[in-house]
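# Structural characterization, general
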Amino acid sequence: MSFFSYRGKSLSVGRVPLASLAQKFKTPLYVYSQASLMDQYLSLKNSFSGRPLLICYALKANSNFSLCRVFKELGAGAEVVSGGELRQALRIGFSPSKILFSGVGKTRDEIRFGIKQKILAFNVESFEELKALGEVSAQMRLKASVSVRINFPIKAKTHPHTVTSGNLSKFGVNQKEAFLMYEWARKAKWLKIAGLHCHLGSQVFSSKPYVQAASLAKNFIRQLAMRKISLSFVDMGGGFGVGDETIDFSGIAGAYSQEFKEWPALGLVLEPGRFLVAESGILLTRIVHVKAGGKRKFLIVDAGMNDFLRPALYGARHPVVSLEKKTGKAEIFDVAGPVCESADFFARDLSLCAPKSGEFLGILNAGAYGFSMSSQYNFRPRASEVLVDGKTARLIRRRETFADLIRSEA
Ligand code: LLP
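These numbers were taken from a predicted model, which means no experiment stands behind them. (Residues numbered from 1 in each chain as written. Predicted model: local features only at pLDDT ≥ 70, side-chain atom pairs only at ≥ 80, totals over all residues. Heavy atoms only, no water.)

Moving on: the packing of aromatic side chains. One pass over the structure, following the stated rule, counts 17 aromatic pairs. Each ring, one from Tyr-57 and one from Phe-71, has its centre 4.8 Å from the other, and the planes form 45°; the classification is tilted. Here Tyr-57, found in strand E5 (residues 53–58), pairs with Phe-71, found in helix H3 (residues 65–73); they are 14 residues apart in sequence, far enough to count as distant. Per residue, the accessibility class of Tyr-57 equals that of Phe-71, and both read buried. When the centroid spacing of 4.1 Å and the interplanar angle of 20° are considered together, the rings of Phe-179 and Phe-220 count as stacked. Linking Phe-179 in helix H7 (residues 175–187) with Phe-220 in helix H8 (residues 208–226), this pair joins segments that are 41 residues apart in sequence. Of the residues examined, Phe-179 reaches a relative accessible area of 12% and is grouped as buried. Counting every residue linked through ring pairs, the aromatic cluster contains Phe-48, Tyr-210, Phe-240, Phe-249, Tyr-256, Phe-260 and Phe-275. Sitting over the face of the ring of Phe-101, Lys-106 holds its NZ or CZ atom 5.7 Å from the ring centroid. (Phe/Tyr/Trp six-rings, centres within 6.5 Å; stacked < 30°, edge-to-face > 60°. Helix = DSSP H or I, 4+ residues; strand = E, 2+ residues; numbered from the N terminus. Buried < 20%, exposed > 50% of the residue type's maximum accessible area, 1.4 Å probe, protein only. Lys NZ or Arg CZ within 6 Å of the ring centre and 35° of its normal.)

The set of residues buried in helix H1 (residues 18–25) consists of Leu-18, Ala-19, Leu-21, Ala-22 and Phe-25. Viewed along the axis of H1, the buried residues span an arc of 160°, placing them on a single side of the element. Facing away from the buried surface of H1 by more than 90 degrees, the exposed residues are Gln-23 and Lys-24. A positive phi of about 65° marks Lys-26, the residue just after H1. (Arc of directions from axis to C-beta.)

Our focus in this paragraph is the side chain of Ser-322. By the secondary structure assignment, Ser-322 is in strand E15 (residues 320–322). Residue classification places Ser-322 among the buried residues on the basis of a relative accessible area of 19%. In this view, Ser-322 contacts Tyr-6, Leu-11, Leu-352, Phe-360 and Leu-361; residues no more than four positions away in its chain are not counted. (Contact = heavy atoms within 4.5 Å.)

Another point: unusual backbone geometry. With omega at -10°, the peptide bond leading from Thr-27 into Pro-28 counts as cis. Considering the arrangement of structural elements, one finds Pro-28 in the loop between H1 and strand E4 (29–33). For Arg-141, which is not glycine, the phi dihedral falls at a positive 50°. In this structure, Arg-141 sits in the loop between helix H6 (127–140) and strand E9 (144–149). Phi is positive for Asn-365, close to 55°, though the residue is something other than glycine. Locating Asn-365 in the fold gives a position in the loop between strand E18 (360–363) and strand E19 (384–389).

Laid out in structure tokens, this is it:
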């Protein structure tokens, strides 16, 4: 369900017209709907009942303090992939006992910090990492919890950049190596085996790979049980797609309860990022110039690929709409940013009625991997962010300034 809709002629979030926010806070501007964040979280939670459930929000999708705080207040945990994200998750107030730390390149400093914080578990992605974890925990004389990330032989259909399974992937380990790792971890004095982790890829729409993964996870857990290794939770990862299609959670939830029915106390962990935040966000941008002299007509806008990289990096399609509905004859435009790269486009062949410079456009489904992947390329300060709760629009990140751009130069 979209929380952005036209009220009269004005695209609005709830009752708040977005053009008024663009005027007030200037553009480029990310606007998020708090109602949407809550709705997505609760609908996901309600889809998976029947066993202990922990939803660990993947901070990489959007790590803004105030936005993440909404999930923390609803009882979520966090999935982090760097020391920075771990610190941010703790600052937001996520309980360490609900934080999972993934990533193929955790440094010893990051491992040390995670152990000290007593996080729920490290999603371990290689044997070397496991050994480093064993060594550091022994040095610290503190227990560290382990969940091995298994790369099951399953293909999840998605963009090549967001595939994380298969034997060409740098993520996780195969089942054979995973067994050896669990055996090794069992003998390590300062390690505690906590769970099993898998994550199939991102922007996955089919329930099939999740169903297949559950069956393989069941077989794996059975074999661990034969070796007297038991788990507290099974972590099936994130990756639920957002866009034109919708994902069938009932099929996935049904498969999980079926496959894991012999272990009623086994906790279920999910690590969604995009599903929770993508639709809550819109990127507002102003038309700077209408460039109509050549063969193609361009709308040059003030947001660029440095603000929102997905279209340029993945060829991702995000609807681009006018904030004020107009009537009249429509013409075809390409919408491009100001960055000096030919890939800096948000839409091709967009049909719009008499757009003029100074007017605003909105780029939809921009809440996930939008701001979090933004950069200062072309010496452009990063955008500001606003969270709308009912009638209240609150600035949750101020726009960067030139001073911010040069702050760290020595
Ligand atoms: N868990 C792990 C271990 C992950 O690697 C990821 C995403 C997630 C959870 C969350 O996945 P989600 O539910 O958000 O699909 N920048 C790309 C997406 C990269 C995803 C990386 N890992 C994009 O904009 O499409």
